Amino acid sequence: MQSFYRLDGLDRIVECGGDWDRFCLENGSPALLAHHVQGRMLWDHVDGIDMTSYLGAIFFHVRRSGKVFAIRHRCDSALMARLFEMSTEPAGEGLLVTHRLIWEERLHDGDWLPRMEDVVEAPRCSVCCRFHLDGAWVDPLRLSGRVLRPSAHCLCTACKQELRERLDEAAREGKGRAQG
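Predicted model only: the values in this text are computed from it and were never measured.

Trainee: Describe in detail unusual backbone geometry, supporting the description with residues and values.
Mentor: Within the chain, aspartate 11 stands out as a residue other than glycine whose phi angle is a positive 70 degrees. The topology assignment puts aspartate 11 in the loop between strand 1 (2–7) and strand 2 (13–18). Not every positive phi belongs to a glycine, and aspartate 134 is a case in point at roughly 50 degrees. Within the element layout of this structure, aspartate 134 appears in the loop between strand 7 (131–133) and strand 8 (136–138).

Now the structure itself:
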């Protein structure tokens, strides 16, 4: 599975493609089909200042360096855990952002329906999909029998740190090539 979206220079979504619509339908999000989001600002679909800052840092780096930047992220649904690689590259005045599926794993059997007492609400990291429970960040793959529902979307400290390190490394590599 691979999908993409293309942004113009103002971060307006000008095109969606690949498996975009199929992914939206499989995840119960018909309001996000390509024809609904094209022409709208990407930021209308990003939840919270943490994720806005995260994507903004990546987009700034790619626009400034002119180089492709790739990083992995989770995109889980109620029944599936999925790891994607997001690749962002310059595309004319805008950007091309591609999401390629690396792996997926079922969180629960298809017939399984949670009882209300099995549903736990907690803040969820928008990058790694871990939930903040009892002072720790927990992967939903490690919690059988419980259904976690996001009470808020944020970024965990590990994902913030990984992005910071990856962007610093990319900037150092760019400077080294420019000087060499």
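Trainee: Any details on the layout of surface pockets? Residues and values, ideally.
Mentor: To locate leftover empty space, one rolls a probe as large as a water molecule over the atoms. Approximately 1,100 Å³ is the volume found for the largest pocket. Forming the walls of the largest pocket are 34 residues, and the residues nearest its centre are Phe23, Leu32, His45, His73 and Cys75. Those elements that provide at least two residues to the lining of the largest pocket are strand 1, helix 1 (20–26), helix 3 (49–65), strand 3 (69–74) and strand 4 (80–91). Partitioned by chemical class, the residues of the lining of the largest pocket number 19 nonpolar, nine polar and six charged.

Trainee: Explain the environment of alanine 170 to me, and be specific about the residues and the numbers.
Mentor: With respect to the helices, strands and loops of the structure, alanine 170 is situated in helix 4 (residues 157–179). Placed 102 residues apart in sequence, alanine 170 and valine 68 show a C-alpha to C-alpha distance of 9.8 Å. If we ignore the near neighbours within four places in the chain, the residues touching alanine 170 are His61 and Phe69.

About the cut-offs
Residues numbered from 1 in each chain as written. Predicted model: local features only at pLDDT ≥ 70, side-chain atom pairs only at ≥ 80, totals over all residues. Heavy atoms only, no water. Helix = DSSP H or I, 4+ residues; strand = E, 2+ residues; numbered from the N terminus. 1 Å grid on protein atoms, 1.4 Å probe; cavity = no way out; pocket = protein on both sides within 12 Å on 5 of 7 lines; lining within 4 Å. Points joined across faces, edges and corners; volume = space filled by probe spheres on them. Nonpolar A, V, L, I, M, F, W, Y, C, P; charged D, E, K, R; others polar. Contact = heavy atoms within 4.5 Å.

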